[in-house]
Amino acid sequence: MNSVGSYLKKHTEALVKDVGIEPACEVTGKSKATLGRYYSEHEEHSDRFMPIDAVAALEAAASYPHVTAALSELRGITLSFDSRRNNAERSGSVNADVVALSQRFAMLMTEYSQSIEDGVITINEAKRMLKETLALQQVLIDMKLHLEDGSH
C-alpha cells in the first residue's frame, strides 16, 4: 500500500475510534466489519476507503475532522478548526460582528504590545497571540457569513 493510502487509513481509524465503533455503525449504517475494512492495511483491503458521505456523517459526530484534515494536509492546505461547535444557529448582525472585530483586534494588539515590550516574543507569548489571531479570524468568518446571508 502506498504511503498516502496508509496515511488516510490511519486517519479513518482515528475518526471511527473518536466517535466509537458502535456509534459509528449507527451513524453510517455500516457494520463493524465494514468499518474495519476501511482502515485495514491488509493487502486485501488496500483499495477500500470509506465513502465520503460516511466520512461527513462521522466527522459531524466526532470531536475533530480527522479525514478532512488529513486530505487537506496532503494537499498542503491548512485548516482552521472552529472548536466552538455552537448548539444554536448563528445570531447577530454585521453591526455586532464589527463590534466583536474591534474588541478582538484590541485584544490582539494588547497581547502584541505586552509581548514586544522586552524586544523578544517568547513561545508562550506567540501562542497567546496566535490564539487571539484565530479568534479574530473566526469573527471575520462570522461576519462574512452574515454578509452572505444578507442579515445586515
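Going by the structure above, here's the rest.
So, here is what we can say about the structure in this document. Keep in mind that this is a model prediction, so the values were computed, not measured.

**A word on the packing of helix 1 (residues 3-19) against helix 5 (residues 66-74)**
With their axes 8 Å apart at the nearest point, helix 1 and helix 5 run at an angle of 155° to one another. When the interaxial angle is binned, helix 1 and helix 5 end up roughly antiparallel. Between helix 1 and helix 5 lies a crossing of right-handed hand. Listed contacts from helix 5 to V4, Y7, L8, H11, T12, A14, L15 and D18 of helix 1 are H66, V67, A70, L71, E73 and L74. Partitioned by chemical class, the residues of the contact of helix 1 with helix 5 number nine nonpolar, three polar and two charged.

**Notes on the pattern of salt bridges**
Inspection of the entire model under this criterion finds six salt bridges. A salt bridge links E22 to K32; the shortest N-O distance between them is 2.6 Å. In this pair, E22 sits in helix 2 (residues 21-28) while K32 sits in helix 3 (residues 32-39), placing the two residues ten residues apart along the sequence. With a shortest N-O distance of 3.0 Å, E111 and R128 are connected by a salt bridge.

Conventions and cut-offs
- Residues numbered from 1 in each chain as written.
- Predicted model: local features only at pLDDT ≥ 70, side-chain atom pairs only at ≥ 80, totals over all residues.
- Heavy atoms only, no water.
- Axes fitted to C-alpha atoms, helices over the stretch in contact; angles between N-to-C directions.
- Helix = DSSP H or I, 4+ residues; strand = E, 2+ residues; numbered from the N terminus.
- Parallel < 35°, antiparallel > 145°, perpendicular 65-115°, else oblique.
- Left-handed = near helix turned anticlockwise from the far one by under 90°.
- Contact = heavy atoms within 4.5 Å.
- Nonpolar A, V, L, I, M, F, W, Y, C, P; charged D, E, K, R; others polar.
- Salt bridge = Lys/Arg side-chain N within 4 Å of Asp/Glu carboxyl O.

These values are about where atoms sit, not about what they do.
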